[in-house]
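# Structural overview for review
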Amino acid sequence: MTLPSKFNFQKTFNDADTFSVVIDTSGSLVAIHNSSLFMAGLKEEDVLGRYIWDCFWFNHDEEVQISIQKACENTLLGQIISSEVLVQMRDKLVWLDVRMHPIFDDQGNLTHLAAKGRNIDERKKAAEKLRDSERQSRAWLENSPVCTKIVDLDFRLQYMSSAGIRELQIDDITEYYGKTYPLSFYPDSFKIPMTNNLVKVKETGKIIIQEAFVKDTKGNKLWYQSTIVPVKNEKDQIDYFMVVSMNITEKKQAEKSLKHTIDTMEAQIKKRTSELAKSEERFSFAMQGANDGLWDWNLETNEVYFSPRWKSMLGYKENELDDALETWASLVHPDDKNWVLEKVHDFLKGQADLFEVEMRMQHKDGHVVFVLSRGFCVNQEPDEKPIRLVGTHVDITERKIAEKFNSKNAEILEMIATGIPVAKVYDEIALMYEERHPGLRCSMLELHDGKLMHGGAPSLPKEYCDAIHGLKNGPGVGSCGTSTYTGKRVLVENIETDPKWDKIKQVALPHGMRCCWSEPIKNSSGKVLGAFGMYYNHPALPDEEESFDLKSAARLAGIVMEREQNLKRIRELAFNDELTGLSSRAHFYQNLEELIKVSNRHHRRFGLLYIDLDNFKDVNDSLGHDAGDLLLREIAKRLEFVCRENDFVARLGGDEFCIITKDVDDDYSAVHVAQRCLDSIAKPIELLGRKFKPACSVGIAHYPDDGKDLSTLLKAADTSLYAAKEHGKNQYAFYNQELTQKAEYRFQVEQYLREAIEKNQLSLVYQPQVKINTGEIIGVEALSRWHDSRLGHITPTEFIPIAERIGMIKPLTEWVLRTACNQAVTWKNAGFPVLRMAVNISPKHFLDIDFVSLIKRIIDETGMDPTQLELEVTESVVQTDEQNLMVFRDLKALGVLLAIDDFGTGYSSFASLKHLTADCLKIDKYFINDILTDKDAQLLIRSMIEIGHNLEQGIIAEGIESTKQLNALQKLECETAQGFLFSKPVSADEVSMFLNSNIENGRSIWPYPITP
C-alpha cells in the first residue's frame, strides 16, 4: 500500500532522535524511520507489513493496553492523541511520549496513522529523584514532634503528620484526605478564623499565625498555635499550604490558672486595701501556694517589693537586691525597658484594659531570662487614684526558646521550599542550633569526589574553614572526614588527644575548638553527601538533647543537599547540550535575552553569528549518525577554540550553532570571528576511517541595527545564513549586503597586504624638503606606496592602519627604514650633497622594547649616518609616559634626529616638549590651508614657530601648494617648506635629477624658480 501523495515521510520525521512509524488503519506497519530501527535494534524487513503490536513489546497491563487501543481508535476518527508508553528497545525498556496523527489521502479519506515518540527516560528519572526527595521530606515531617498538615489551593486536606493524628486521636486519617480543611469535628471557633486566614494567605502570600482551641475526635479540648505557610514554586506561585501546629494546651491551662490566681488576688486586695497598705502580711496570703515571683510597686514612693522567688528566678539571694525601681531598671534588657514603662503608663492612664508584657531580664550568671509579667492596679478610695501596681513574674524562657526554634525550623523549611540559595540555608541551619545551645559552633561540609568542601559555618574562623576545604576524607581526617568515610557518627571528646585529629588538630586548637561531634549527611537512598559537625571550646560528649539535635540537623541538611544536587542535575539537562557540551538552545535564549536588556540599558552593540554546517545530511546518510555525532562534537571544540574569551557559543540543535560576540565597536569584530569559524571548520577530519573536509555557512546580524528583540534578531541572523547558502555556501553574509561586500574587500586588503609586506612588494617615494630663504634641498621624507595588481592603488591612510591591526606594522617599518637608509647611503656614495632622510614611525613602536635595537641594527647594516636619519612621530606618543621618554632618550643617544609630526593637531603638551629633546616641529597642512584667509590660523602658526625657535628646534611647514602660502610663511620666519609647490612624492631616480641639476658650493639648490 502506498502512502498519500501529500505525505512526506522525511519531512514529517526529520528528527533523528525520535521514534517514528506509520501504520495503516488495520494496524500494519507501513513505514519506519531509520532512527527508530536503530533504537529498537531491528531491520526494516523485520517489521514492515507486520502488526505493530507484534513488532514492539509494550509493557502494560490489560487495562492500559485497552486505553492505548482506544487512543488509536480516536486517531482513526481524525483526532491527534498523546500518551506515555513503555516500549522494549533493544535490551531495555524505554519511556516514550507518543503523539499520534491521522493521515488523509488526496480525497480527504483517512488512510494511515503516524506515531512519533520522544524519549523521556531522563525526565522520568529526574521526576523519580524529585519524588524520592519528597519522600525524604515527608519522612522528616513524620518524625517531627510538631503536627504538620498539607492543604491544597482548594483548602482540601492532603496530608497530616503522625504527631497530629496521635494528638487528635484519629483512627483512620484517610477518611479525611480530600475533605475541606478545617475538618468537620473542629469547632466553629477554630474553623472560621482558620478558613479566613487560609484565604488571606492565598491572597497575600504572607505567613499567618493564629491561636485557637480545637476538639479531637473524642471531644477533648486542645489549644493550638498554628502557622500557615504558603509553599511556592520557582515561578513564585503558591503550590499548596503547610499548616504547622504546636500544642499549647498546657500553656493555656497555666495561663488560666494564673489568671484565676490574679483575679483572686485582685479581689482580696480590693477588699483589704487598707490592711495591705499597713503590713507586710498583705503578701503572705497571695504567696501561699504560688511559685511565681511577686512584685509590688508603690507609685507614690517609687519603692518596689520583690519576693524571694522573684529574686531567685534571676539567680539572686533575698538580701542581694534592693527593693527599688532602679533594681528592675538595671536588670531588664536595655531594648525592652522603655517600651515596658510605656505599657505601664498606658495601663495606669486607663488606655489599656490589662497589663501583660513579655520582656528579657539579665540573670546573675549572664544569660537572658524571658519573663511574662502581669499586673493589676490598686486604687485609693474614693477618688480611685492608682497608688500601687501589683503583679507576678513567670519564667517563660524554655517556652520562648522552643517557640523560636520551631519558628526558625518552619522558616528554614520555607526557605528550602522556595529555593533560597543553599549557602544561605546552610548558615541559617547552623545559627538555629547554635542559638539553641549557647557556646556551640556548627559546620556543614559537602562531599565531592572524596573531598570535603566548605558548605556553611557562619561562626567558625575563615582560616579553619579554608584549611579544611578540599581535604581528602579518610579515617584520620578529623571527625567529619572520618564520618563521611565510614558513614557513621563520630564523637570526639578531646581534639587535642584523639588520634583522628593528629593530622589537622593544629588548625583547630588555635581557634579554641576542643571537641567535635560529627553526623554523616545522607540522601534518601543512604548515600553520604557530607557531614554536620558540632564544636565546643571545652572537651565534652553530647547529652541527650545535643545528640538528638545532631541527628536532626544532619537530616535537615540532607534535605538541602539532596535538593541542590537534583536541581543541579536538572539545570545541567536544561542548559547544556548533552552531545557537544556546549550551551543548549534554552540557555542560549536566556543569555541572549539578558544581553539584550543589558545592551539596551548601556547602549552597547553586539553581534550574532548563526552557523549551519554545509551538506551535513550527506554525512549522516553516507556514514551514519555515529559519524555525524563525532563531527558535531569536533565542530563544537573548534568553535570554542576560535571564540574570544567573552564570546558565547551554543548548539541550537541538529547542525546549527550560534555565537554571540559582545562589545563590538564595528561590524568587523563579528567578521573576524566568522572568518576564523570558516577557516577552523574547513580543516579535514577523519570519520570512521574516511577523510572528510567539513564546511559551514555563517549569517551575521547586529544588535540593535538588525533587531531589538530576540525573535527579530534571530530572524535577521537566519536570513543572513540563507543568503550565505544561496551565494554558494562556505562563506559568511551580513543581514545588510553592502556590509558583506565591504567586509569581503577589507579581508582581501588584509590578506594581500600581508603577502605584499612579506614579499617586499611595496615601494618608496620621496618628497623634498627645501629651505625657504635659500632654496637648498636639505632632506627628503620617505613615503611608502602600495599598488596591487588585483586591488589597484591603495593609499597609505588605508593600508597603514590595517598593517597595525593585523600585526604587520613592525616588518613594514623595518623594510621602510632599511630601504630609505640604503637609498640615502647610495646618494652619498654617488657624490650628491648630504641629505637628511625623514621616516614616519608608528606610535606603537614606542611600546616595543626592541625598537631602539632595531634602529641601531639598521644603521649598522646600511652604514647610515645616524645624524642624517630623522624619525617622525605624531603627538599621540609625545606625552610624559616614562616608557616613551626612555625610548626618546635612547634614540637621542644613538645620534638619531627626532621630529614631532602633525604638530598642533593632536594632544599638544607643553610638559612633553619640556621633557623631550625633539629636533624639529612639523606644522600640519591643516593650518597651512587657512594661512591666507584665517587670522586665527596665522596666529597659531606664528605661536608654533616661536615655540620651536625658543626651544631651539627647527620648523618645517607641510602641504605648501602656492607661492602666496610660501611668502606668508617666510614672513613668519619659517625655515623649511615641503609640498606640491616644489614636488609631489617621486621616485629615487627623479630625486637624483633634482639633486644633480643645480649644485652650488656643494649644496643642491632647487632647480626651478621660487618667487616668494
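The following paragraphs examine the structure supplied in this document. (Residues numbered from 1 in each chain as written. Predicted model: local features only at pLDDT ≥ 70, side-chain atom pairs only at ≥ 80, totals over all residues. Heavy atoms only, no water.)

## A few points about the pattern of salt bridges
The line we're drawing: A pair is scored as a salt bridge if a Lys or Arg side-chain nitrogen falls within 4 Å of a carboxyl oxygen belonging to Asp or Glu. Exposure classes here rest on a 1.4 Å probe applied to the protein chains alone. A residue is buried below 20% of its type maximum, exposed above 50%, and partly exposed in between.
The full count for this structure, using the stated rule, is 37 salt bridges. The salt bridge involving Arg644 is made with Asp647; its shortest N-O contact spans 3.0 Å. When its relative accessible area of 30% is taken as the criterion, Arg644 is described as partly exposed. Look at the salt bridges and you will find they share partners, linking Glu755, Lys759, Asp788 and Arg790 into a network.

## Here we look at helix α33 (residues 935-950)
In plain terms, the rule: Strands are runs of DSSP state E lasting at least 2 residues, helices are runs of H or I lasting at least 4, and numbering of each runs from the N terminus. The span you would expect from a helix comes to 1.5 Å times its residue count less one. Think of the arc as the fan of directions from the helix axis to the C-beta atoms. Note on definitions: a residue-residue contact is assigned when non-hydrogen atoms from the two residues lie within 4.5 Å.
End to end, α33 covers 22 Å across 16 residues, agreeing with the expected 22 Å (1.5 Å per residue, within 8%). Taken as a whole, α33 has its buried residues at Ala937, Ile941, Met944, Ile945 and Gly948. One side of α33 carries all its buried residues, which in axial view fall inside an arc of 100°. Exposed and facing more than 90 degrees away from the buried side of α33 are Lys935, Asp936, Leu939 and Asn950. Here the buried face of α33 lies against β34 (897-903), β35 (920-923), α32 (925-928), β36 (954-958) and α34 (963-971).

## Focus on unusual backbone geometry
Along the chain, Tyr181 connects to Pro182 via a cis peptide bond; the corresponding omega equals 5°. Within the secondary structure, Pro182 sits in the loop between α7 (162-167) and α8 (188-204). The omega torsion of the bond from Tyr703 to Pro704 falls at 0°, within 30 degrees of zero and hence cis. Turning to its location among the elements, Pro704 is positioned in the loop between β27 (696-703) and α25 (710-726). In this structure, His603 takes a positive phi of about 55° despite not being glycine. The topology assignment puts His603 in the loop between α21 (585-602) and β22 (606-613). Residue His603 is classed as exposed on the basis of its relative accessible area of 73%. Within the chain, Asn730 stands out as a residue other than glycine whose phi angle is a positive 55°. Counting through the fold element by element, Asn730 comes out in the loop between α25 and β28 (732-734).

## A closer look at the sheet that holds strand β9 (residues 221-232)
Short version of the rule: Strands pair, by our definition, only if DSSP identifies at least two bridges between them. Every axis in this analysis is a line fitted to C-alpha atoms, fitted for helices over the stretch in contact. Angles between the N-to-C directions lie between 0 and 180 degrees.
As summarised here, the arrangement of the five strands in space is β7-β6-β10-β9-β8, forming an open sheet in which the pairing is antiparallel. Since the sheet does not close on itself, it has two edges, and those belong to β7 (157-160) and β8 (208-215), each with one partner. Going from strand to strand, the sheet's axes swing by 25° on average, the running direction of each strand aside. Of the pairings in the sheet, the one linking β8 to β9 comprises eight bridges and is antiparallel in character. Counted as the bridge partner of Phe213 is Trp223 from β9. Of the strands in this sheet, β8, β9 and β10 (238-247) touch α8, which is tilted by about 155° from β8. Packed on one face of the sheet, helix α15 (residues 397-418) meets β9 and β10 and runs near 25° to β9.

## A short note on the pairing of strand β16 (residues 441-448)
In terms of burial, β16 is largely enclosed, as seven of its eight residues are buried. In sequence, β16 turns back onto strand β17 (residues 451-456) through a hairpin of two residues, with Asp449 there showing a positive phi of about 50°.

## Brief notes about the packing of α15 against helix α16 (residues 422-436)
Where we set the bar: Orientation is classified from the angle alone, with under 35 degrees giving roughly parallel, over 145 giving roughly antiparallel, 65 to 115 giving roughly perpendicular, and any other angle giving oblique. Amino acids are sorted into nonpolar (Ala, Val, Leu, Ile, Met, Phe, Trp, Tyr, Cys and Pro), charged (Asp, Glu, Lys and Arg) and polar (every other residue, Gly among them).
At a minimum axis separation of 10 Å, α15 and α16 run at an interaxial angle of 170°. Accordingly, the angle class assigned to the pair α15 and α16 is roughly antiparallel. Facing Lys404, Phe405, Lys408, Asn409, Ile412, Met415 and Ile416 of α15, the residues of α16 in contact are Lys424, Val425, Glu428, Ile429, Met432, Tyr433, Glu435 and Arg436. In terms of residue class, the contact of α15 with α16 is made up of eight nonpolar, one polar and six charged.

## Details of the nonpolar core
Short version of the rule: Here the nonpolar core consists of buried residues drawn from Ala, Val, Leu, Ile, Met, Phe, Trp, Tyr and Cys, with membership extended through side-chain atoms lying within 4.5 Å.
Residues Trp786, Trp827, Met837, Leu871 and Ile941 are the most contacted members of the largest nonpolar core, which totals 79 residues. Per-element tally for this core: the top contributor is helix α28 (residues 809-829), with ten residues.

## Here's the deal with the packing of aromatic side chains
Using the following cut-off: Ring geometry is summarised as follows: Phe, Tyr and Trp rings, the Trp one being its six-membered ring, pair when their centres sit within 6.5 Å, and such pairs are stacked at plane angles under 30 degrees, edge-to-face over 60 and tilted between the two. To sit over a ring, a charge needs its Lys NZ or Arg CZ within 6 Å of the ring centre and within 35 degrees of the ring normal.
Summed over the entire model, instances satisfying the criterion amount to 19 aromatic pairs. When the centroid spacing of 4.9 Å and the interplanar angle of 45° are considered together, the rings of Tyr186 and Phe190 count as tilted. Taken individually, Tyr186 and Phe190 each receive the classification buried, so the pair is uniform in this respect. Relative to Tyr589, the ring of Phe588 has its centre 5.9 Å away and its plane inclined at 50°; by these criteria the two rings are tilted. On the basis of relative accessible area, Phe588 is assigned to the buried category, the value being 0%. An aromatic cluster of three or more residues is present, and its members are Tyr176, Tyr181, Phe185, Tyr186 and Phe190. Sitting over the ring of Tyr176, Lys179 keeps its end group 5.8 Å from the ring centre. The cationic tip of Lys202 hangs over the ring face of Phe155; the distance from NZ or CZ to the ring centre is 5.6 Å.

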